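Each chain is listed here by its residues.
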Amino acid sequence: MRLATAASEAYTTPLAVSELLGCKQCAAGRDQDEELGIRIPRPLGQGPSRFIPEKEILQVGSEDAQMHALFADSFAALGRLDNITLVMVFHPQYLESFLKTQHYLLQMDGPLPLHYRHYIGIMAAARHQCSYLVNLHVNDFLHVGGDPKWLNGLENAPQKLQNLGELNKVLAHRPWLITKEHIEGLLKAEEHSWSLAELVHAVVLLTHYHSLASFTFGCGISPEIHCDGGHTFRPPSVSNYCICDITNGNHSVDEMQVNSAENVSVSDSFFEVEALMEKMRQLQECRDEEEASQEEMASRFEIEKRESMFVFSSDDEEVTPARDVSRHFEDTSYGYKDFSRHGMHVPTFRVQDYCWEDHGYSLVNRLYPDVGQLIDEKFHIAYNLTYNTMAMHKDVDTSMLRRAIWNYIHCMFGIRYDDYDYGEINQLLDRSFKVYIKTVVCTPEKVTKRMYDSFWRQFKHSEKVHVNLLLIEARMQAELLYALRAITRYMT
Amino acid sequence: MEKMSRVTTALGGSVLTGRTMHCHLDAPANAISVCRDAAQVVVAGRSIFKIYAIEEEQFVEKLNLRVGRKPSLNLSCADVVWHQMDENLLATAATNGVVVTWNLGRPSRNKQDQLFTEHKRTVNKVCFHPTEAHVLLSGSQDGFMKCFDLRRKDSVSTFSGQSESVRDVQFSIRDYFTFASTFENGNVQLWDIRRPDRCERMFTAHNGPVFCCDWHPEDRGWLATGGRDKMVKVWDMTTHRAKEMHCVQTIASVARVKWRPECRHHLATCSMMVDHNIYVWDVRRPFVPAAMFEEHRDVTTGIAWRHPHDPSFLLSGSKDSSLCQHLFRDASQPVERANPEGLCYGLFGDLAFAAKESLVAAESGRKPYTGDRRHPIFFKRKLDPAEPFAGLASSALSVFETEPGGSAMRWFVDTAERYALAGRPLAELCDHNAKVARELGRNQVAQTWTMLRTIYCSPGLLPTANLSHSVGKGGSCGLQLMNSFNLKDMAPGLGSETRLDRSKGDARSDTVLLDSSATLITNEDNEETEGSDVPADYLLGDVEGEDDELYLLDPEHTHPEEPECVLPQEAFPLRHEIVDTPPGPEHLQDKADSPHVSGSEADVASLAPMDSSFSLLSVSHALYDSRLPPDFFSVLVRDMLHFYAEQGDVQMAVSVLIVLGERVRKDIDEQTQVCGGRGRLPLKRFALHPDSDRQALLSQEHWYTSYIDLLQRFRLWNVSNEVVKLSTSRAVSCLNQASTTLHVNCSHCKRPMSSRGWVCDRCHRCASMCAVCHHVVKGLFVWCQGCSHGGHLQHIMKWLEGSSHCPAGCGHLCEYS
């Protein structure tokens, strides 16, 4: 029932991108259809993800009991079986925790009213121009009785939410700049002020949706059928593709042609896996032998941190954000890349002084009960998830690789583990992989299918989704750590 | 804390003296440890590693161990420990996983002795053997514990905690070979130092990480653990299974715990986050800390008792870069500030009173004040079963009972059940309520109702016998129509059970009809529900868009054209139509219904102005003849409300408020009832006394909440919900909207059904099927208490109209009432 209402809304909402862009072709096609009186939407037949071939993804109906229960849960909670769920179900254990957390954040007891929660979700997703999430939550927002006027831009929302805009911006792109003054500004704004509990709820929502936007782009999630860009009204036979149908803006048409040519180097990539495993083995064995000096270790971290700023795809072209999405935040130019160009210094955050397990958890659970527990579980599952496989190899201890990925992401945010040798990262993560990680975490809107395809070519799609899970959880934790540290400092 | 005192303790010849003092460190401390001679303390942190001498008036920096050109991560200490046998020996745990030992006896400036780089991750804790000179134990994030012999270059043995991070390791003080380790997953393990292959014992102590543990210095086998779940637990390890002896609930996650020397039941704790104080607890009194030290401005990271046999000196280091010596004598004692007396009224007028035993004993000696002389007083005393707290607290509990089996509150329950508050014309309501009051022998109340009727109903219609029809037409236009559900219809079953079974404390309410806004989530219900009597008419609050869904549950079975759809309107629309409905067709229909609904009562009501109140009636009639507007009485009415409320009869005050509704609001708003809260009210005309307005608002809310509280304690859920709904105060009417979740258990496997209310996750069966249509019941479910079959309310009703047997075919003769 809910799906139906949502779908009908999508046609009537003035949000349709194609209208905004004023595509003549579409308009023409639409007129013709309207003569017939009925317009039947057709899915753009790509499956839930544009990166993963549809046949690789689990078909609804062929799932096992556990997955079926998850689907049922997801459907009950969201009123739909969204593409994110369909992709995440590669890892049912994680999906369960993810859905539970998301359901709690959006629908269960909490300090913020329901429409605020969805609106914050929209704000966060819009920071990364993630029209997929924005569209979903616009529907939900209206469904729970949100004021449609707010959707015309942040300046139409209550002052209280506008105040959150700054935190949203900093959190999404440069979380290390969050200070207790930010927090103080939100908490002491007279009648527009936030309570601590509300703020923690908002921070958790923001970080959740920032990282979910990363996942959406990182796995190339296709738009839902009822959302803009998820459907077409043209008959299947029409061949001239209209770019309006792919509003995620990643030009998948070209890429699909390009990538068919890229599958040549199968033998090369086979050696990649072998080489990676060999390196892991070496690291395991000779760790005790060559002991790097302290200065060496410290400089390795600095090097990695500095380098991570320059790791960027060469085709760094400007992506103009879809107009409908950019309405939800101001200052579109503020992004991660700014600081890398200017070579801004990222201060080092010592995880031994403020870590999630000891400090973050306690603070969240104190101010927003039960959520700390849920997020903690989610982090644990994501960090410890393994099937002991690597591409075609079985019984591999992948903990070293997973830790390298996790710590690399934290390193990009300036978070340092005293007990980690950052030299390992260079050994284990090759450049194309680093480019992918960096893009997904920092500027997800720029991920292309080419990037997705060019790292770890021999690995399965489920493993790439697994990598994405690590990425989004590590990112969420990093953002949370900075935000919660600022709150702690404010409180002391 | 300027109140300083000096304490001198003689300890086997040596004398400890000192005062409460603190000194500033250059950097945040992570841990501290005291030298055996109690005269020196070492402070370690990320960028500090110093030894301070504890002098009488101050701390004096004695040695900086952080030497060398470049600060190394080996010096970034997570923990530090001073050997209790050897004054020259120290060990630190570095955040990069290195264990370092230090020998103060070395002549050079650099005192670093040995470096163990065996751990792969941060080392969280190091611990020296209490008696052995060369044995050092470490616990690390990588899940391993290692035992080092300082005479050798590497570890003697490695203990694996099965890949979970180790948070603390402690050698037992009494058992030579035993040590305890605590883990991030909540487990505690006991190990024998000679057997590295497997632990001797393992149990789950906390929910979430166990940050610390400490062995009792004297009682063998007592281990205190503290965890992220904010608890400190004391375990007895001497028995076959680790037994939880005591549990202290603190307000933040527990970072350190240390037994207090010479005080068997005392321990000191500090917290990881948020809370900066150090508490000393008596584990037998887990709710109030025995002492509290409030010097630090940031979280305390290390605590240590200065001397193992002196209970009065505590040292602490903190993230605020300071080192403190606390004197027990200077501690603030929350116990002293706590109110040691407790007083509580029971539902039936009983009074329980707890106070310090000494106080009560003294008073009872001279025959205490006997509160209510009409009733005999029983004096119960419960002796404290625990061993007496040494001078701390032992309290006596006295219970003063009213007459046993007393029907003292019966009138309250009866009145609450039988009063009509809305849904009928004002005159009728007043008459009805007056009659109810009179029948219960409360003549004053009855008269008040009659007077209200006289005041507010137009005079011409007053004496007519045909009250129920004609009065409604003319007189009571402004009446709010919110609820047509009649108490008499549903309350009897509920009331008779709950009314006076005071012995059965956990009697559960068998409500047949649940209001969706009901706050009926009693845990007992959930646990003991069985197939036969599940209150299966659940309405899940967490299902979004519940209103629509509930309507759409089984659209093919609803018959909108049926005139008397029995689903009372109270079940769904909640707030939407509460707002001042203008009198319209609804009103007429309702009025037509009223004689039918209230049955015999309406007939009697028409004869209402009879005996005692009759004379009064004629007087007020006279008043009306002289054309006094109703406004004239508003002051009087307000005073009357206050009078009843002062008397403790909030029932009357609230009932009148509700019944008069709009009328009284218009008049009294400026004076008493500012709480309209609708936002539609015009600005107050006399806004001269905002304070008194505010006051009035509060007092009204207070009446409402007290009445609702009373109703709920008598388990009159339906009445209390009606009151909540009819209340004009927003603060009250939103009571219905908090925690509307209803938890349901599966009727097959008895497990809670978490996600949806009608399908069980575990046994994959639908919980309740309608016996008539064989569909799942997702809305209101009615079932026979005889044969436990049931189904959709309407289906069952329809079925039983035509047949008296159970629709399931079990042969039971079901009754629907």
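Calculation rules
- Residues numbered from 1 in each chain as written.
- Chains lettered and ligands numbered in written order.
- Predicted model: local features only at pLDDT ≥ 70, side-chain atom pairs only at ≥ 80, totals over all residues.
- Heavy atoms only, no water.
- UniProt positions renumbered as here; feature names shortened; annotations may be inferred.
- Helix = DSSP H or I, 4+ residues; strand = E, 2+ residues; numbered from the N terminus.
- Buried < 20%, exposed > 50% of the residue type's maximum accessible area, 1.4 Å probe, protein only.
- Contact = heavy atoms within 4.5 Å.
- Areas by Shrake-Rupley, 256 points an atom, 1.4 Å probe, with all protein chains shown as cover.
- Buried area = accessible area lost by both parts, 1.4 Å probe.
- Salt bridge = Lys/Arg side-chain N within 4 Å of Asp/Glu carboxyl O.
- Nonpolar A, V, L, I, M, F, W, Y, C, P; charged D, E, K, R; others polar.
- Pairing = 2+ DSSP bridges.
- Axes fitted to C-alpha atoms, helices over the stretch in contact; angles between N-to-C directions.
- Expected span 1.5 Å × (residues − 1).
- Bend = angle between axes of the 7 residues up to and from the residue.
- Disulfide = S-S within 2.5 Å.
- Core = buried A, V, L, I, M, F, W, Y, C linked by side-chain atoms within 4.5 Å.
- Domains from an automatic or database assignment.
- Phe/Tyr/Trp six-rings, centres within 6.5 Å; stacked < 30°, edge-to-face > 60°.
- Lys NZ or Arg CZ within 6 Å of the ring centre and 35° of its normal.

Going by an unreviewed UniProt entry, chain B carries the name GATOR2 complex protein WDR24 and comes from Aotus nancymaae. UniProt, in its Pathway (unreviewed entry) section for chain B, records the words "Protein modification; protein ubiquitination."

Identification of chain A as Sestrin 1 from Aotus nancymaae is taken from an unreviewed UniProt entry. Per UniProt, chain A has the following entry under Sequence similarities (unreviewed entry): "Belongs to the sestrin family."

Asker: Summarise the overall build of chain A; cite the residues concerned and give the values.
Answerer: When helices and strands are tallied, chain A shows 23 helices and 6 strands. A total of 492 residues make up chain A; the buried ones form 58% of that total. Contacts in chain A between residues at least 24 apart in sequence constitute 78% of all its contacts with a sequence separation of at least 6.

Asker: Which residues make up the overall build of chain B, and what values go with them?
Answerer: Scanning chain B for helices and strands turns up 18 helices and 35 strands. Summarising the internal contacts of chain B: among those between residues at least 6 apart in sequence, 53% fall at separations of at least 24. Carbon and sulfur atoms make up 54% of the accessible area of chain B, which amounts to about 37,400 Å² in all.

Asker: So, the interface of chain B and chain A: which residues are in play, and what are the values?
Answerer: Chain B puts 31 residues into the contact, and the matching count from chain A is 32 residues. For the pair chain B and chain A, the summed buried area comes to about 3,000 Å², and 50% of that belongs to carbon and sulfur atoms. Where chain B packs against chain A, one counts 5 salt bridges. Residue classes in the side of chain B that touches chain A are distributed as 8 nonpolar, 9 polar and 14 charged.

Asker: Provide a residue-level description of the sheet that holds strand β5 (residues 40–45) of chain B, including the pertinent values.
Answerer: Residues and elements named next belong to chain B. Sheet architecture is open: 4 strands sit in the order β4-β5-β6-β7, paired in antiparallel fashion. Looking at which strands have only one partner, the edges of the open sheet turn out to be β4 (31–34) and β7 (59–64). Ignoring which end each strand starts from, the neighbouring axes of this sheet average 25 degrees apart. Of the pairings in the sheet, the one linking β5 to strand β6 (residues 48–54) comprises 6 bridges and is antiparallel in character. By the bridge assignment, Ala-44 is partnered in β6 with Phe-49.

Asker: I'd love a proper account of helix α9 (residues 159–173) of chain A, names of residues and values included.
Answerer: Residue and element names in this part refer to chain A. If you check α9, its first and last C-alpha atoms are 22 Å apart, about what 15 residues at 1.5 Å a residue would give, namely 21 Å. Of all bends in α9, the biggest is about 25 degrees, found at Glu-166. Where burial is concerned, most of α9 is hidden: 11 out of the 15 residues are buried. Among all positions in α9, only Lys-160, Leu-161, Leu-164, Gly-165, Leu-167, Asn-168, Lys-169, Val-170, Leu-171, Ala-172 and His-173 are buried.

Asker: Can you lay out the sheet that holds strand β26 (residues 278–282) of chain B for me, pointing to particular residues and giving the numbers?
Answerer: Residue and element names in this part refer to chain B. Sheet architecture is open: 4 strands sit in the order β24-β25-β26-β27, paired in antiparallel fashion. A strand with exactly one partner marks an edge of an open sheet, and here the two such strands are β24 (254–259) and β27 (291–293). For this sheet, the mean angle separating the axes of adjacent strands, direction not counted, is 20 degrees. Where β24 lies against strand β25 (residues 266–271), 5 bridges are found, and the strand directions are antiparallel. The partner of Val-257 across the bridge, within β25, is Thr-269.

Asker: Any chance you could break down the pairing of strand β17 (residues 178–183) of chain B for me, citing the residues and the numbers?
Answerer: Residue and element names in this part refer to chain B. Counting buried positions along β17 gives 6 out of 6 residues, so the element sits mostly inside the fold. Examined bridge by bridge, strand β16 (residues 166–171) and β17 share 5 bridges and lie antiparallel to one another. By the bridge assignment, Gln-170 is partnered in β17 with Ala-180. Between β16 and β17, which follow one another and run antiparallel, lie 6 residues. With 5 bridges joining them, β17 and strand β18 (residues 187–192) adopt antiparallel strand pairing. Counted as the bridge partner of Thr-182 is Val-188 from β18. Two successive antiparallel strands, β17 and β18, enclose a turn made up of 3 residues, where Gly-186 displays a positive phi of approximately 100 degrees.

Asker: Mind laying out the state of the cysteines, listing which residues take part and the relevant values?
Answerer: A complete count under the given rule lists 0 disulfides over all chains for this structure. Here Cys-810 of chain B is not disulfide-linked; the sulfur of Cys-806 of chain B is the nearest cysteine sulfur, at 3.7 Å.

Asker: Tell me about the nonpolar core, residues and numbers included.
Answerer: By size, the foremost hydrophobic cluster in this structure holds 140 residues, and its most contacted members are Met-88, Leu-164, Phe-215, Ile-405 and Ile-437 of chain A. With 16 residues, helix α23 (residues 461–491) of chain A is the single largest residue contributor to this core. Of the domains in this structure, domain 1 (64–223) and domain 2 (272–314 + 330–491) of chain A are the two that each give at least three residues to this core. Residues in contact with Phe-215 of chain A, not counting those within four places in the same chain, are Ile-84, Val-87, Met-88, Gly-220, Ile-221, Val-465, Asn-468, Leu-469 and Ile-472 of chain A. With 50 residues, the next largest nonpolar core counts Phe-412, Ala-420, Leu-452 and Val-659 of chain B among its residues.

Asker: Tell me what's going on with the environment of Leu-657 of chain B, and back it up with residues and numbers.
Answerer: Counting through the fold element by element, Leu-657 of chain B comes out in helix α14 (residues 650–668). On a C-alpha basis, the gap between Leu-657 of chain B and Thr-728 of chain B in space is 8.9 Å, while along the polypeptide they are 71 residues apart.

Asker: Which residues make up the pattern of salt bridges, and what values do they have?
Answerer: In the structure shown here, the tally under the stated rule is 35 salt bridges over all chains. Asp-282 of chain B serves as the salt-bridge partner of Arg-284 of chain B, at 2.7 Å between the closest nitrogen and oxygen. If you follow the salt bridges from partner to partner, you end up with Arg-350, Asp-353 and Asp-418 of chain A together with Arg-46 of chain B in one network.

Asker: An account of the pairing of strand β12 (residues 123–128) of chain B is requested, with residue identities and associated values reported.
Answerer: Of all the 6 residues making up β12 of chain B, 6 are buried; the element is thus mostly covered by neighbouring parts of the structure. Count of turn residues in the β12 of chain B/strand β13 (residues 135–140) of chain B antiparallel hairpin: 6 residues.

Asker: How would you explain the packing of aromatic side chains if you had to name every residue and give the values?
Answerer: Going through the model one piece at a time under the given rule, you end up with 37 aromatic pairs over all chains. Measuring from centroid to centroid gives 6.2 Å for Phe-293 of chain B and Phe-328 of chain B, while their planes differ by 70 degrees, and the two rings are edge-to-face. Here Phe-328 of chain B lies in the loop between β30 (322–327) and α1 (334–337) and Phe-293 of chain B lies in strand β27, a separation of 35 residues in the sequence. Pair check on accessibility: Phe-293 of chain B and Phe-328 of chain B agree, each one buried. Connected via pairs of aromatic rings, a cluster forms that spans Phe-51, Phe-433, Tyr-436, Tyr-452, Phe-455, Trp-456 and Phe-459 of chain A. The ring of Tyr-361 of chain A has Arg-228 of chain B sitting right over it, with the charged end atom 3.2 Å from the ring centre. Here the basic side chain of Arg-306 of chain B rests over the ring of Phe-313 of chain B, its NZ or CZ set 5.1 Å away from the ring centre.

Asker: Could you give an account of helix α18 (residues 371–384) of chain A, naming the residues involved and the relevant values?
Answerer: All names here are of chain A. Helix length check: α18, at 14 residues, gives a terminal C-alpha distance of 20 Å against a target of 20 Å (1.5 Å per residue), a fit within 8%. For α18, every residue scored as buried is listed here: Val-371, Gly-372, Leu-374, Ile-375, Asp-376, Lys-378, Phe-379, Ile-381 and Ala-382. Where α18 is buried, its residues meet α6 (92–107), α11 (196–218), α17 (356–367), α19 (399–412) and α23.

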